[in-house]
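Fold and contact review
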Amino acid sequence: LETSIESSILMYAVDVGWALTLVYFGSQVTLILSHGFRLHVVGTSMAAVIALVLPQFSSALAWSNVSGTLLWTTLALLVLAGTTRGQPGHTSGAPAAASLAMSSGSYRPAT
């Protein structure tokens, strides 16, 4: 069969055991539940849920593809989006443009 309905959770459980499987997938669910309802960046919660659910219906995590990378990247974006807003020193706007203006010499502070 080229395609089949397989569960990544069952596949991991057979490979490494139930304890490590529950830690691995449980940490992903915990990250989504603890950071997913802050909604600082629109779409990060949905992207993380889709990235978590999508590989569960195929053997996507068994092959060399981007499923695992996509999953952990969206989880990192979700956590980062919920933790950087509102912290001291965090600026909004376009910090890259301001940095470019300063480094190119075109920035002149008001006197």
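Residues numbered from 1 in each chain as written. Predicted model: local features only at pLDDT ≥ 70, side-chain atom pairs only at ≥ 80, totals over all residues. Heavy atoms only, no water.

With that settled, the discussion passes to helix 2 (residues 18–35). Here helix 2 is 18 residues long and its end C-alpha atoms lie 25 Å apart, about the 26 Å a rise of 1.5 Å per residue gives. Restricting attention to buried positions, one finds in helix 2 the residues T21, F25, Q28, I32 and H35. (Helix = DSSP H or I, 4+ residues; strand = E, 2+ residues; numbered from the N terminus. Expected span 1.5 Å × (residues − 1). Buried < 20%, exposed > 50% of the residue type's maximum accessible area, 1.4 Å probe, protein only.)

A separate point is the nonpolar core. Of all hydrophobic cores here, the largest spans seven residues; its members are I32, A48, A51, L52, L71, L75 and L78. The set of elements that each furnish at least two residues to this core consists of helix 3 (44–53) and helix 4 (67–83). Discounting chain neighbours no more than four positions away, the residues touching I32 are A48, V49, L52, L75 and L78. (Core = buried A, V, L, I, M, F, W, Y, C linked by side-chain atoms within 4.5 Å. Contact = heavy atoms within 4.5 Å.)

Next up on the list: helix 3. Looking only at helix 3, the buried set comprises T44, S45, A48, A51 and L52. With its buried residues spanning 135 degrees around the axis, helix 3 presents them on a single face. (Arc of directions from axis to C-beta.)

For T21, the position within the fold is in helix 2. Look at T21 and you get buried, because its relative accessible area is 1%. Within polar-contact distance, the side chain of T21 engages the backbone oxygen of Y12 at 3.3 Å. There is a polar contact of 2.7 Å between the side chain of T21 and the backbone oxygen of G17. Not counting residues up to four positions away in its chain, the partners in contact with T21 are I9, Y12, A13, V16 and G26. (Polar contact = N/O pair within 3.5 Å; in protein donor to acceptor, adjacent residues only side chain to side chain.)

Limitation: the analysis is restricted to geometry and does not speak to function.
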